[in-house]
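# Architecture and fold: a report
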Amino acid sequence: MLTNETKVNDFVVRFANVNGTGSASANFLFTKAIFRMGIFVTPKNIFPSNIQGLPTWYEVRVSEKGYLGRREGVDLVVAVNPQSFVKDVESVRPGGYFLYDSSKKIHPELIRDDVTYLGIPLTDICSKEYTDPRQRQLFKNIVYVGALSALLDIEFNVLEGLLSDQFKGKEKLIPPNVKALQLGVEFVKQNFTYPLNIRVERRDLLGDQIMIDGNSACGLGAVYAGATVAAWYPITPSTSVVEAFSDYSDEFRTDKETGVRNVAIVQAEDELAAIGMVIGANWNGARSFTATSGPGVSLMNEFLGLAYFAEVPTVLIDVQRTGPSTGMPTRTQQSDVMEAAYASHGDTKHILLFPSTPKECFEMTAEAFDLAEQIQTPVILMTDLDLGMNDHLSMPLEWDDTREYKRGKVLSADELDQIQKFGRYLDVDGDGIPYRSIPGTHPSKGSYFTRGTSRDEYAKYTEDSDDYRKNMDRLIKKWNTSKKLVPTPFVYQQQKQSEYGFIFFGTSTYSAEEAMDMLKEEQIKIDALRLKSFPFNQEVENFIEAHEKVFVIEQNRDGQMRSLLMIELDSNPQKLISVLNYDGMPITAEQIVKQVKKNLTLSSTLNKVI
Amino acid sequence: MTYVRPTFRHPELTKNKLGYSVDYYEGALSTLCAGCGHDSISAAIVQTCFEMNIEPHRIAKLSGIGCSSKTPAYFLSNSHGFNSVHGRMPSVATGANMANRDLIYLGVSGDGDTASIGMGQFVHVVRRNLNMVYIVMNNGCYGLTKGQDSATADAGSKNKSGNVNLFQSIDLASLAIELGAGFVAQSFSGDKSQLIPLIKTAIKHQGFSFINVISPCVTFNNNVGSTKSYDYVRQHIEATATIDFVPMHSEIVAKYDEGTTAHVQMHDGSSLQLNKLSPDWNPQDRLSAMNALQTAKAKGEILTGLLYMDPNSQDLHQMLETNKQPLNTLTKKELCPGADALKNINASLR
Ligand SMILES: Cc1ncc(C[n+]2csc(CCOP(=O)(O)OP(=O)(O)O)c2C)c(N)n1
Ligand code: SF4
Ligand SMILES: [Mg+2]
């Protein structure tokens, strides 16, 4: 079935490349051009755990309506990797296009009669035009971007503008790139009818939005929050958080003349050491953080228990990936919810923050430092590979210069002087949060011995059951206080409009919002709440209470957030329905709608039977 | 408990230059077994800090887990301390030091804490040349978990339950020299006259200072057949040199024979005066230090004293080029790029 209906600003292009061939920057050029034409666009990298040679895909969704989640059904595949041709041909929706390197003849078995084939001899064009083998390889990518600009009606001068921005300072690289674009355009003009029935049209939908990946936003957030010590151990997809922190530190924390730095970044020997360093630095009064992914969080468990029990502020950024174990290390998931919430042995719970946009990555990273110091406990920022490593449209990052760092209850030398007897674990204010002192502050007051062993209110070692229990109860009091300090959930409707509710968080947000629209078109109204933090506060409880059925949308197999809601709020399990995707790809609106409708029709037939 | 400390103190107890008497440097009462070597090391630390006129709040004490790692509670109660998790003291010390380069970092660990569970962190903190003093209270066993052999127990050594250790021991001092530590020494808990000048030098040394102190466990590893018992150590101990620590601006008083004297100048003007007992050993030569250790080992001797020293090594802060002003004193003014800079960043992302 061929659909010949024209689709303006509403399609998906999938690039099939070979890892390590320089396709990333060409593909980004394509995305950025659509962004600069004022249209919503969202790219997703689907890459292997490999440095060179394996297939990699880059999927770009263009959406007039502003939907930024992944969408199923690819309208056009750009296939430059013969290795994945079979899969790539399969992925085209009926009526879609298959653009490929036709320097070699395509196998007749790959010909589908419901797909339009656009053969461009990329290799031949580049072999003729360039002599340097590296250039021949690189410019193939630029040639197909040029071809796409003609096929999809992308404004050529926008592409030129992007190239001149990209090669600022290296201007002599611009003409050969423009030339490569033109080669693509020319070939299309001579061989195909263009533009296609999928195409873009300039709009002004984006206002002052920016395009940035979540990890860069986190790294920048840590710079703005005044973090001075970072310790880390490389692991995908978290590595670029510390790399961004390091790059921005080169820019903002390094004296241009002397090279003296207001930051210390240590690549640790493993994640145990990384979190140990973070705890040591925070204990000593510096703001410090680490970034890792699930396997790293597992290794950090013992230390997280120490930080919880000894009440040392700690900031940890968990960029989640597909587990368990090495799982699919370059695919996304929201599957560390349970491990992070209760990391460590004994009775421990940790504050979690769930950003869903780069802007929130920036803000919540900064906020994590405030919360960790105010509450004197670990705070874990739960982002994921999709948010962290893909570029996203985002509202511009904002910083209020009047904002002060909230350092929490830290006693100065003067304050220590005014205190009769300092008790590190005394609940002076009745909120469960004690006062702390930083080493070296006062010559004779405020020193104490920090330890993971039980102690009394004056930090004196004790194995007295009453003292131990009292301390554990104070920690719960502190936990309850934190419910008032963590970010409150976002509730979509002022008033209840439906018996059904959605609860979602993080990167499930894009598709959940789209699914709500799709269901509305079918006359199914859904209320929604987006979680931003753990512990859950009263609003979450009220929302579940108020709805007959609550769909908990998340990207893991076991419905971990649903379990957490049940454990912490004592919610009725029957009420909480899991809507899941755990194949390593970002959840789509179609998947959500399908699962929701299945549940609703099932229960309505059940009702009829009864 | 090793001793009951008399509550009465003579009012005219000697005071140091800061006006503190030695009790100002003590800690809580020890809960270790009477006679435990670790308590003697604590006492040496107290005496050292007293004699060096150190303000206790300028020291941060750090440890892992074990009887040895409990000792920071028993010295310097006017210093902040951090009893962390088993084998991970080096990372906590690294973070603390990055936050504030101005304090003295005194790490205490056991042979289990360092040579087994903490081996990874130990070798890496040496490599990074963190400016700290790292003391291992080495008793060849896991005291706190009731006497199992540790990785520093010598092959053939017998513990209290009569088990003979079958495995090769890890020689922490050799390892530290190998990994580039700038100060490496070995001592015995029963020899304060040697231990105190060594700790003094270690504190003064800019960079990683390692002291492996044989510290007998009277309860689990002080029996006949053990190579970490008081008797065995006393019978087999040899020293590289006698050592005098000469603080900055002080006169050198000790006089030794020409040819056996060695002199090490330190970065702050202090110096070390050594009376060498073995003429071939040169404290500033790694090869010679390794050779001395191996030769002693082959003869069944325990070599103590200063083993190796490089007074000019670069510590981690120097390598990272961090600000001289401690990072934990910097404020929003120095740290936050501000709203205008963010506007530029936003613009670059469009
Ligand atoms: C993760 C972990 N594993 C095991 C233990 C149990 N443990 C406590 S102390 C210790 C050994 C300590 O030996 P060492 O460091 O030599 O100290 P010593 O008691 O001999 O001074 C062990 C295994 C622990 N506390 N934590
Ligand atoms: S068990 Fe051994 S190491 Fe522990 S306190 Fe007793 S003597 Fe010391
Ligand atoms: Mg031991």
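Computed from a predicted structure; not experimentally measured. (Residues numbered from 1 in each chain as written. Chains lettered and ligands numbered in written order. Predicted model: local features only at pLDDT ≥ 70, side-chain atom pairs only at ≥ 80, totals over all residues. Heavy atoms only, no water.)

Looking only at helices and strands, chain B has 12 helices and 13 strands in total. Taking 2.2 N^0.38 as the reference for a compact globule, 350 residues should give roughly 20 Å; the C-alpha atoms of chain B span a radius of gyration of 21 Å, in line with that estimate. By the burial criterion, 58% of the 350 residues in chain B qualify as buried. Contacts spanning at least 24 positions in sequence make up 71% of the contacts within chain B whose residues lie at least 6 apart. Accessible area of chain B: about 14000 Å², with a carbon and sulfur share of 52%. (Helix = DSSP H or I, 4+ residues; strand = E, 2+ residues; numbered from the N terminus. Rg over C-alpha atoms; globule rule 2.2 N^0.38 Å. Buried < 20%, exposed > 50% of the residue type's maximum accessible area, 1.4 Å probe, protein only. Contact = heavy atoms within 4.5 Å. Areas by Shrake-Rupley, 256 points an atom, 1.4 Å probe, with all protein chains shown as cover.)

Here we take up the environment of A:Ala281. All names here are of chain A. On the secondary structure map, alanine 281 appears in helix H9 (residues 271-283). Under the relative-accessibility criterion, alanine 281 is labelled buried at 0%. Linking alanine 281 and aspartate 417, residues 136 residues apart in sequence, is a C-alpha distance of 25 Å.

With that settled, the discussion passes to the pairing of strand S15 (residues 378-384) of chain A. All names here are of chain A. With respect to burial, S15 is a largely interior element, seven of its seven residues being buried. Burial of S15 is two-sided: the residues Pro378, Ile380, Met382 and Asp384 facing one way and the residues Val379, Leu381 and Thr383 facing the other way are all buried. Across seven bridges, the pairing between strand S13 (residues 314-320) and S15 is parallel. When the sheet's bridge partners are listed, leucine 316 is paired in S15 with isoleucine 380. Pairing of strand S14 (residues 351-353) with S15 involves three bridges; the strand directions are parallel. Following the sheet pairing, leucine 352 is matched in S15 by isoleucine 380. (Pairing = 2+ DSSP bridges.)

For a metal with four donors in a tetrahedral arrangement, the ideal angle between donors is 109.5 degrees, while six donors in an octahedron ideally sit at 90 or 180 degrees. Residues and elements named next belong to chain B. The magnesium ion (ligand 3) binds to the protein through Asp111 (OD), Asn139 (OD1) and Cys141 (O), with metal-donor distances spanning 2.1 to 2.2 Å. Within one chain, the residues donating to the magnesium ion (ligand 3) are spaced in sequence as D-x27-N-x1-C. With aspartate 111 in helix H4 (residues 111-115) and cysteine 141 in strand S5 (residues 141-142), the pair connects residues that are 30 residues apart, well separated along the chain. Each member of the pair, aspartate 111 as well as cysteine 141, carries the same accessibility label: buried. (Donors = N, O, S within 2.8 Å, 3.2 Å for Na, K, Ca; no water.)

Now for the site of ligand 1. Among the 18 residues in the neighbourhood of ligand 1, the closest are listed as B:Ser68, B:Asp111, B:Gly112, B:Asp113 and B:Gly143. Those residues lying near ligand 1 are distributed over chains A and B. With respect to ligand 1, the backbone of B:Gly112 contributes an N or O atom lying 2.8 Å from an oxygen atom. Take B:Gly143: an N or O atom from its main chain is 2.8 Å from an oxygen atom of ligand 1. (Near = heavy atom within 4 Å. Polar contact = N/O pair within 3.5 Å; in protein donor to acceptor, adjacent residues only side chain to side chain.)

Reports of interface size often rely on the accessible area that becomes lost once the parts have come together. All names here are of chain A. Taken domain by domain, chain A comprises domain 1 (7-199), domain 2 (212-394), domain 3 (411-482) and domain 4 (490-609). A C-alpha centroid distance of 26 Å is found between domain 2 and domain 3. Taking both sides of the interface into account, the surface hidden between domain 2 and domain 3 amounts to around 1800 Å²; carbon and sulfur atoms contribute 59%. The three residues of domain 2 that bury the most area against domain 3 are Trp283, Phe309 and Glu311, which together make up 38% of that side's buried surface. Counting across the interface, domain 2 meets domain 3 through four salt bridges. In this structure, the salt-bridge partner of arginine 455 is glutamate 311, at a minimum N-O distance of 3.9 Å. For the pair domain 2 and domain 3, the interface holds 11 residue pairs in polar contact (both at pLDDT 80 or more). Looking at the side of domain 2 that touches domain 3, the elements that each hand over two or more residues are H9, helix H11 (301-310) and helix H13 (358-375). For the side of domain 2 that touches domain 3, the leading source of residues is H11, giving four residues. (Domains from an automatic or database assignment. Buried area = accessible area lost by both parts, 1.4 Å probe. Salt bridge = Lys/Arg side-chain N within 4 Å of Asp/Glu carboxyl O.)

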